[in-house]
Amino acid sequence: MKDSVAEEHLYLGFSHQYRESIFPLHTSISLFLLSYCDCKLFKIFLVPTGENVGDQIVTKNLLGDLEVHFISRCELPVVVQSCCLPAVVAKDGKFCRAGLSVVLRHITQKTYEADPSKKDVLELLGFKKTCLKACAEVSQWTRLCEISIPLAVEGFLTASPEHCQTIPPDILQLERKLREPVRVHNDDKIRRQKLQQQKTGAKAAVPVLGKEATEAGKPVEMCEHPLPSLELSIAFSKLLVQEKSDAVNREAPHVRRTKTSDLPLLDHVFAEGLYFTLADIVLLPCIHQFLVSSKKQGKNLANLPLISSWYQRVQKVPGVKRAAGKCNMELLQLPELMSAPEEELQDLSSFCDDLEEENEDSNFIGGPRPTMTKLMENGIEAKFSPHPCPNWTLDWTNLPSAVSPGEGKMSRDRALRKQQQLNNLVAAVTKLAKPGDVIVDFCSGGGHVGIVLAHMMPSCQVVLIENKELSLIRAKDRSDELGLNNIWFIQANLDYFNGTFNVGVALHACGVATDMVIEHCIKAQAAFVISPCCYGFIQNTVKFKYPRSHQFKEILSYKEHMILCRFADQTAVQLPPERRLIGKQCMGLVDLDRACAAEERNYSVQVISMEPESCSPKNNMFVGIPT
């Protein structure tokens, strides 16, 4: 095991203590993961929401064996003050990870790096290490786990008795998710094993996880369970690093010949499917508090049989009871519940259903011409403002090599096009920014825009925000090579950044991300320079509905707008010139809608084509200024 040096600081919010938990629940979840991983790699700070730090008291038994310090909000590192908690900051104070999912994934990864024997901890990240990696704005599952259920439980616990008679819709939505068939890598093979088990009527050996087995690594007692139990066998075999028997792996000829569509579906064992992941870690403290409160109120949990079974099953996972004990969570033993009729769950989360149906309805047949004609008949056509400085360029030959995008793994042609794209954005930003301004590079990737701006404008502060850790680490390495001291890095989803700034910039913000960046800038009353990308990924989300502007909404339906978005991606150089021209016009119309929406909120916005247009198939650029 490597030396455990507390080089990073973990900041957790603290509003109050209630029964067995510290609130907000994001803090209890973080502490539970630290206990589960037995992680001592971070110096932990609680950040009270109240004014007086000295008045805050936390019962020691809620913190387990973790050493925790109090710090006021105003004492936080500058980069953390711009973020929602939880947040982790590197030793130099320049690199911050913010938001529950990002922080939990980082704790998991650091624990494994410090002690590679903890393979069970690494498994929390799931298949291809993607558990809760997608941001909550585009992933309904991440949003449910990371935001909706913690907030729903907090609201349930603080509601007056007359307002907490019903089960929160988000809890019911989780119950419904657990009803859905499991889809996992290699599920065809597992489904054939399940069919064989059903055909033969065999009983599968399932581990019995007693305290001695789970906590001390002693031999695991095996027992036979009635069908169906294959999913349970596979799940716990993985947890205990056991090989499944050859008898289970061999398939009879009639099983091999069965069509995939005729194979039995797989049932949930854990939240994401067959395997125990970070999603279960996130949900357990929340569901536990909900169940404890419901039990005290004498509520009938008949509508939650799958959540109840999941709650009991999670307790059998090695290390869970130990971690719960450290956090003073007295886990309940619940009776087996019969599954509720489907009709009783049909009214839940109607919004999510409407969203799914609306997005599914965006399929279409035909091209964009009828939609474009409809807009033209109402006096709307794609229009582009003149480029303010079409020939402006950075002196790339005299810039340090670490500033150039060619330093990355790019071909010479791609590096040249990237330089041309940067010329356009940097020219616009330099006209808007003043000395002392804060410039935020949203969706920064490897930092191509932010690093150039920090180097060219040393009197400004530049903040890079990116969800992908490796990209941001590469940007940090390039910044360190240049010795830049006016630049900060935040790994987070955009929703977790709440700092003030003067100019927002984004190069090729994908799909809905462009609208998220515009929204951040409008809320901060900041100017923006944005180049959109991936129009085909645009769709209605919890926060964003399309068309964006009132002007377009009066003319186009959602489906008609989606036709424009899909064809706006038809601008690749390999396509025929006529098709690229239509794609460019569709891009212009989608971006005109965005510009109109910003203008309705007191902004002056220009939609400009980058120069030269060959620098990218996605060569539109917004320049927006608050009026």
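What you see is a predicted model, and the numbers here were worked out from it, not measured in a lab. (Residues numbered from 1 in each chain as written. Predicted model: local features only at pLDDT ≥ 70, side-chain atom pairs only at ≥ 80, totals over all residues. Heavy atoms only, no water.)

### Topic: the pairing of strand β16 (residues 620-626)
Reasoning step 1: Counting buried residues in β16 gives 5 out of 7 residues, a clear majority hidden from the surface.
Reasoning step 2: Where strand β14 (residues 527-533) and β16 come together, 3 bridges link them in antiparallel fashion. In the sheet register, Ile530 faces β16, and the bridge partner there is Phe622. (Buried < 20%, exposed > 50% of the residue type's maximum accessible area, 1.4 Å probe, protein only. Helix = DSSP H or I, 4+ residues; strand = E, 2+ residues; numbered from the N terminus. Pairing = 2+ DSSP bridges.)

### Examining unusual backbone geometry
Reasoning step 1: Residue Pro86 is bonded to the preceding Leu85 through a cis peptide linkage, with omega at 5°.
Reasoning step 2: For Pro86, the location among the structural elements is in the loop between α2 (78-81) and β6 (87-89).
Reasoning step 3: Looking along the chain, the bond that leaves Glu611 and enters Pro612 is cis, with omega of -10°.
Reasoning step 4: A positive phi angle is found at Asp38, which is not glycine, with a value near 55°.
Reasoning step 5: As for its position among the elements, Asp38 is in the loop between α1 (25-37) and β4 (42-48).

### Details of the packing of helix α6 (residues 169-179) against helix α13 (residues 305-314)
Reasoning step 1: Remark: α6 packs on α13, axes separated minimally by 8 Å, with the N-to-C direction vectors making an angle of 80°. Taken as axis vectors, α6 and α13 run roughly perpendicular relative to one another. Residues Ile171, Leu174, Glu175, Leu178 and Arg179 of α6 form the contact with α13, whose participating residues are Pro305, Leu306, Ile307 and Trp310.
Reasoning step 2: Here the contact of α6 with α13 is composed, by residue class, of 7 nonpolar, no polar and 2 charged. (Axes fitted to C-alpha atoms, helices over the stretch in contact; angles between N-to-C directions. Parallel < 35°, antiparallel > 145°, perpendicular 65-115°, else oblique. Contact = heavy atoms within 4.5 Å. Nonpolar A, V, L, I, M, F, W, Y, C, P; charged D, E, K, R; others polar.)

### Details of the confidence of the model for the chain
Reasoning step 1: Averaged over every residue, the pLDDT of the chain is 85; the share at 70 or more is 80%.
Reasoning step 2: The low-confidence segment residues 343-352 (pLDDT under 50) makes 18 contacts with residues lying over four places distant or belonging to another chain. (pLDDT = per-residue confidence, 0-100.)

### What about the packing of aromatic side chains?
Reasoning step 1: One pass over the structure, following the stated rule, counts 10 aromatic pairs.
Reasoning step 2: For the ring pair Phe270 and Phe276, a centre distance of 5.5 Å and an interplane angle of 75° mean the geometry is edge-to-face. Phe276 matches Phe270 in its accessibility class, with the two residues each being buried.
Reasoning step 3: On the basis of an interplanar angle of 50° and a centroid distance of 6.0 Å, the ring pair of Phe497 and Phe501 is categorised as tilted.
Reasoning step 4: Through successive ring pairs, a cluster of aromatic residues spans Tyr36, Phe270 and Phe276.
Reasoning step 5: When the ring centre of Trp488 is taken as reference, the NZ or CZ atom of Lys94 above it lies at 3.9 Å. (Phe/Tyr/Trp six-rings, centres within 6.5 Å; stacked < 30°, edge-to-face > 60°. Lys NZ or Arg CZ within 6 Å of the ring centre and 35° of its normal.)

### Things to note about the pairing of β14
Reasoning step 1: Most of β14 is tucked away: 7 of the 7 residues are buried.
Reasoning step 2: On β14, burial covers both faces: Ala527, Val529, Ser531 and Cys533 on one face and Phe528, Ile530 and Pro532 on the other are all buried.
Reasoning step 3: Taken together, strand β13 (residues 503-510), helix α20 (residues 513-523) and β14 constitute a β-α-β crossover, and its handedness is right-handed. (Right-handed = clockwise from strand over helix to strand, strands pointing away.)

### What about the pattern of salt bridges?
Reasoning step 1: Per the counting criterion, the structure on display carries 15 salt bridges.
Reasoning step 2: A salt bridge links Lys40 to Asp38; the nearest nitrogen and oxygen atoms lie 3.1 Å apart.
Reasoning step 3: The partly exposed category is assigned to Lys40, whose relative accessible area is 38%.
Reasoning step 4: According to the relative accessible area criterion, Asp38 is partly exposed, its value standing at 37%.
Reasoning step 5: Across the pair Glu560 and Lys374 runs a salt bridge, and its minimum N-O distance is 3.1 Å. Pair noted here: Glu560 is in helix α22 (residues 558-568) and Lys374 is in helix α16 (residues 369-377), with a separation of 186 residues, a long-range link.
Reasoning step 6: Among the charged side chains, a salt-bridge network with shared partners connects Glu8, Arg97, Lys110 and Glu469. (Salt bridge = Lys/Arg side-chain N within 4 Å of Asp/Glu carboxyl O.)

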